[in-house]
Amino acid sequence: MTVSIPDCFMIAFSVGLIFGLFYEILRIIRLILRFRFVVFICDVAFFIISAFCVCKLSEFLGSYVRLYTVLGFGAGIFTYIATIGRLFNVLESAASIAWRKTLGKLLRKFSALIKKLTGKMLQKFKAFFVRIHEYSDKLKKNHQGHLNLNSQKMYNNKGNNLIGEGEEVHVIKAKVRKSS
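Quick caveat: nothing in here was measured; it's all calculated off a predicted structure.

Visitor: Would you mind going over the overall build of the protein with me for this structure?
Guide: A count of helical and extended segments in the protein gives six helices and zero strands. When the helices and strands of the protein are read in sequence order from the N terminus, they spell out α-α-α-α-α-α. Taking all 180 residues of the protein together, the buried fraction comes to 18%. The contacts in the protein between residues at least 6 apart in sequence include a share of 71% that link residues at least 24 apart. As presented, the protein carries roughly 15400 Å² of accessible surface, and 67% of it is formed by carbon and sulfur atoms.

Visitor: Mind showing me how you'd approach the nonpolar core here?
Guide: One broad rule of soluble globular proteins: the nonpolar side chains tend to lie buried together. Judged by nonpolar contacts, the single largest core of 16 residues is most densely connected at Cys 8, Phe 19, Phe 46, Leu 61, Phe 73 and Ile 77. Looking at this core, the elements with two or more residues in it are α1 (5–32), α2 (36–62) and α3 (67–82). Per-element accounting of this core gives the leading share, seven residues, to α2. In contact with Cys 8, not counting residues within four places along its chain, are Val 3, Leu 61 and Tyr 68.

Visitor: In this structure, what is going on with α1? I would like to understand it.
Guide: In an α-helix, one turn spans 3.6 residues, which is why side chains three or four residues apart end up on the same side. The end-to-end C-alpha separation of α1 is 41 Å, in line with the 40 Å expected for 28 residues at 1.5 Å each. Buried residues of α1: Cys 8, Ala 12, Phe 13, Gly 16, Phe 19, Gly 20, Tyr 23, Glu 24, Leu 26, Arg 27 and Leu 31, and no others.

Visitor: I would appreciate a short explanation of the packing of α1 against α2 in the present structure.
Guide: The angle between the axes and the distance between the axes are what describe a pair of packed helices. Here α1 crosses α2 at 160°, and the two axes come no closer than 11 Å. Between α1 and α2, the angle is such that the two are roughly antiparallel. Here α1 runs over α2; the crossing is right-handed. Across the interface between the two elements, Cys 8, Ile 11, Ala 12, Val 15, Phe 19, Phe 22, Tyr 23, Leu 26, Ile 29 and Arg 30 of α1 pack against Val 38, Val 39, Cys 42, Asp 43, Phe 46, Ile 49, Ser 50, Cys 53, Leu 57 and Leu 61 of α2. The residue makeup of the contact of α1 with α2, split by class, is 17 nonpolar, one polar and two charged.

Visitor: What is the right way to read the packing of aromatic side chains from this model?
Guide: Overall, the coordinates contain six aromatic pairs when judged by the stated rule. With 5.5 Å between their ring centres and 35° between their planes, Phe 19 and Phe 46 make a pair best called tilted. Of this pair, Phe 19 sits in helix α1 while Phe 46 sits in helix α2, and the two are 27 residues apart along the sequence. Comparing Phe 19 with Phe 46, the two get one shared label, buried.

Visitor: Hey, could you run me through the packing of α2 against α3 in this one?
Guide: Following both chains from N to C, one finds α2 and α3 inclined at 130°, their axes separated by 10 Å at the closest point. In terms of their interaxial angle, α2 and α3 are classed as oblique. Here α2 runs over α3; the crossing is right-handed. Residue-level inspection shows Phe 46, Ser 50, Cys 53, Val 54, Leu 57, Ser 58 and Leu 61 of α2 in contact with α3, the latter providing Thr 69, Val 70, Phe 73 and Ile 77.

Visitor: I'm lost on the pattern of salt bridges in this one. Help?
Guide: A pair can form between side chains of opposite charge whenever their charged atoms are brought close. Summed over all chains, the structure comprises three salt bridges. Ionic pairing is found between Arg 27 and Glu 24, a salt bridge with its closest N-O pair at 3.5 Å. With Arg 27 and Glu 24 both in helix α1, this residue pair falls three residues apart, about one helical turn. On the basis of relative accessible area, Arg 27 is assigned to the buried category, the value being 10%.

Visitor: Mind showing me how you'd approach the side chain of Glu 92 here?
Guide: Following the sequence through the fold, Glu 92 ends up in helix α4 (residues 84–143). Here Glu 92 is buried and forms no salt bridge, its nearest opposite-charge partner Arg 27 lying at an N-O distance of 4.2 Å.

Visitor: Just to check I follow, could you spell out the side chain of Ser 50 for this structure?
Guide: Summarising the element assignment, Ser 50 is placed in helix α2. On the accessibility criterion, Ser 50 (9% relative accessible area) is buried. Setting aside chain neighbours within four positions, we find Ser 50 in contact with Phe 19 and Phe 73.

Cut-offs used in this document
- Residues numbered from 1 in each chain as written.
- Predicted model: local features only at pLDDT ≥ 70, side-chain atom pairs only at ≥ 80, totals over all residues.
- Heavy atoms only, no water.
- Helix = DSSP H or I, 4+ residues; strand = E, 2+ residues; numbered from the N terminus.
- Buried < 20%, exposed > 50% of the residue type's maximum accessible area, 1.4 Å probe, protein only.
- Contact = heavy atoms within 4.5 Å.
- Areas by Shrake-Rupley, 256 points an atom, 1.4 Å probe, with all protein chains shown as cover.
- Core = buried A, V, L, I, M, F, W, Y, C linked by side-chain atoms within 4.5 Å.
- Expected span 1.5 Å × (residues − 1).
- Axes fitted to C-alpha atoms, helices over the stretch in contact; angles between N-to-C directions.
- Parallel < 35°, antiparallel > 145°, perpendicular 65-115°, else oblique.
- Left-handed = near helix turned anticlockwise from the far one by under 90°.
- Nonpolar A, V, L, I, M, F, W, Y, C, P; charged D, E, K, R; others polar.
- Phe/Tyr/Trp six-rings, centres within 6.5 Å; stacked < 30°, edge-to-face > 60°.
- Salt bridge = Lys/Arg side-chain N within 4 Å of Asp/Glu carboxyl O.
- Lys, Arg positive; Asp, Glu negative; His and termini not counted.

Remember that the coordinates give geometry; whether it matters functionally is a separate question.
Below, the structure written as structure tokens:
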């Protein structure tokens with residue numbers, strides 16, 4: 001299918017205008033979720049999908065990616081953002097502020113409820129944890145008791161009185177000769 005250059009530019013321009021709606025959807029996500037990571041993901045997704053769209057459009061228009069197709073697509077997106085996008089931007093900003101305030105109130109109520117529930121649960125488990133603490137203190141005190149006397153610690157107390165007797169039994173006697 002052969003299409004003239006002005007027709008290719010206008011088709012790419014109109015596809016770019018329509019693709020501006022996809023940018024609006026991503027902008028709404030970026031306004032609601034104001035995390036840097038979300039903004040980064042939305043930007044990368046927009047550029048990857050727009051590059052794919054330009055490639056498919058160029059394939060449809062003549063099997064080559066041509067400069068006027070890319071410029072027409074970019075001009076369509078820019079025109080959307082500069083005209084209709086500005087009107088939507090005002091509405092989206094007001095809606096996102098209202099959404100974040102409402103969401104903030106809901107999250108504060110939810111977190112207060114969670115704090116109450118966890119506080120009550122911890123009060124019920126307090127006696128259990130106190131018992132564990134007392135038991136560990138008791139074990140620690142038993143462990144820190146006085147050391148026993150030397151005579152009580154040794155297992156073979158009777159055999160130590162005979163000096164050298166136990167050593168001779170286990171000694172191997174050998175004669176060493178020089179070899180010539």
